[in-house]
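Notes for the structure review
Okay, here's what each chain looks like letter by letter:
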Amino acid sequence: MPTFTIAARAEIELDIRKSRFIGIVMPVAGREAAMQEVERMRDAHRGATHVCWALMAGGHSGMSDDGEPSGTAGRPMLEVLRHHELDGVLAMVVRYYGGIKLGAGGLVRAYTEAIATALKHTERIERVAQAELDIGVGYAAEPQLRHWLAQHNYALLDSRHDTLAHLRLRLPAAELDQAEEAIRRIASNASIKRII
């Protein structure tokens, strides 16, 4: 089953019964990057009552109600991300309390609406599992290998030269076998190491 991420950060504002809800969604590389974004948001909104968040990032997912009643903020936001089959996405809602209590149901609706609305302002894109190859070839084969890389639009991450020309590239994991076959046709004695 394919998973999706989002193309870019999106931010919206909602006023619900005098409370201000700022909904933010953004693609993130993992939990560490997500927690840095949550801290940045807390610094930027020091006067906010709550900075709640939900993260879908493979085995590093999580959520926080940040002082709201348990289950009224983080979980509903996480469910919106799950419903959209998203991964590698951080959802945050900054709340400035307006003096009128919303009740548990009202909070769930507000946090859900803030993230669902923010998601409407960014494109959902299929997430393709990536892998890396570390390739070593003789110098004579390097130009042909670089030409092949350019034809397939594979990302060249690094290159270094010693007794061999070493190229490190990123490509869709589903294309690893075909890529290795093609590289061996270019340079039969190529050393190829998968980094998944």
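Residues numbered from 1 in each chain as written. Predicted model: local features only at pLDDT ≥ 70, side-chain atom pairs only at ≥ 80, totals over all residues. Heavy atoms only, no water.

**Describing the overall build of the protein**
- Within the protein, the secondary structure is distributed over five helices and 11 strands.
- Taken over C-alpha atoms, the radius of gyration comes to 23 Å for the protein, far larger than the 16 Å a tight globule of 196 residues would show.
- Along the first, second and third principal axes, the C-alpha set of the protein runs to 75 × 35 × 25 Å.
- Of all 196 residues assigned to the protein, the portion counted as buried reaches 46%.
- Of all intrachain contacts in the protein linking residues separated by at least 6 positions in sequence, the fraction that spans at least 24 positions is 66%.
- Accessible area for the protein stands at about 10,500 Å²; split by element, carbon and sulfur atoms hold 49% of it.
- Of the charged side chains in the protein, 24 are positive and 25 negative, and the gap between their average positions amounts to 5 Å. (Helix = DSSP H or I, 4+ residues; strand = E, 2+ residues; numbered from the N terminus. Rg over C-alpha atoms; globule rule 2.2 N^0.38 Å. Buried < 20%, exposed > 50% of the residue type's maximum accessible area, 1.4 Å probe, protein only. Contact = heavy atoms within 4.5 Å. Areas by Shrake-Rupley, 256 points an atom, 1.4 Å probe, with all protein chains shown as cover. Lys, Arg positive; Asp, Glu negative; His and termini not counted. Charge placed at Lys NZ, Arg CZ, Asp CG, Glu CD.)

**Points about the sheet that holds strand E3 (residues 19–27)**
- Taken in spatial order, the five strands make up an open sheet running E2-E3-E6-E4-E5, and their pairing is antiparallel. Of all strands in the sheet, those with a lone pairing partner are strand E2 (10–16) and strand E5 (62–64), marking the two edges. The sheet shows a mean angle of 15° between the axes of neighbouring strands, taken without regard to direction.
- Taken together, the eight bridges between E3 and strand E6 (residues 89–96) define a ladder with antiparallel strand orientation. Within E6, the residue paired with Pro 27 across the bridge is Val 89.
- In the packing of helix H1 (residues 31–44) onto the sheet, the strands contacted are E3, strand E4 (50–56), E5 and E6, and the crossing angle to E4 comes to about 165°. (Pairing = 2+ DSSP bridges. Axes fitted to C-alpha atoms, helices over the stretch in contact; angles between N-to-C directions.)

**A look at the packing of helix H4 (residues 142–152) against helix H5 (residues 176–186)**
- Here H4 crosses H5 at 150°, and the two axes come no closer than 10 Å. Here H4 is positioned roughly antiparallel relative to H5, judged by the angle of their axes. The handedness of the crossing between H4 and H5 is right-handed. Between H4 and H5, the residues in contact are Gln 144, Leu 145 and Trp 148 and Ala 179, Ala 182, Ile 183 and Ile 186, respectively. (Parallel < 35°, antiparallel > 145°, perpendicular 65-115°, else oblique. Left-handed = near helix turned anticlockwise from the far one by under 90°.)

**Notes on the pattern of salt bridges**
- Tallied over the full model, the rule gives 14 salt bridges.
- Among the ionic pairs, Arg 20 bridges to Glu 13, the shortest N-O distance being 2.9 Å.
- On the basis of relative accessibility, which here comes to 30%, the residue Arg 20 falls in the partly exposed class.
- The salt bridge partner of Glu 85 is Arg 124, with a shortest N-O separation of 3.8 Å. Placement of Glu 85 in the loop between helix H2 (74–83) and E6 and of Arg 124 in strand E7 (residues 124–127) is noted, with a sequence separation of 39 residues between them.
- Residue classification places Glu 85 among the partly exposed residues on the basis of a relative accessible area of 31%.
- Several salt bridges converge on common partners, so that one network encompasses Glu 39, Arg 42 and Asp 66. (Salt bridge = Lys/Arg side-chain N within 4 Å of Asp/Glu carboxyl O.)

**What about H4?**
- Residues of H4 that are buried: Glu 142, Leu 145, Trp 148 and Leu 149. Here the buried residues of H4 occupy an arc of 125° about the axis, which is enough to place them on one side. Structural note: H4 exposes Pro 143, His 147, Ala 150 and Gln 151 on the side pointing more than 90 degrees away from its buried face.
- On the buried face of H4, the contacting elements are strand E8 (130–137), strand E9 (155–161), strand E10 (165–172) and H5.
- Count one or two residues on from H4 and you reach Asn 153, which has phi positive near 60°. (Arc of directions from axis to C-beta.)

**Focus: the packing of aromatic side chains**
- Counted according to the given criterion, the structure contains two aromatic pairs.
- Where Phe 21 meets Tyr 111, the ring centres are 5.4 Å apart and the plane angle is 90°; that geometry is what we call edge-to-face. Here Phe 21, found in strand E3, pairs with Tyr 111, found in helix H3 (residues 103–119); they are 90 residues apart in sequence, far enough to count as distant. The burial state of Phe 21 is the same as that of Tyr 111; both residues are buried. (Phe/Tyr/Trp six-rings, centres within 6.5 Å; stacked < 30°, edge-to-face > 60°.)

Nothing here speaks to function; it is all geometry.
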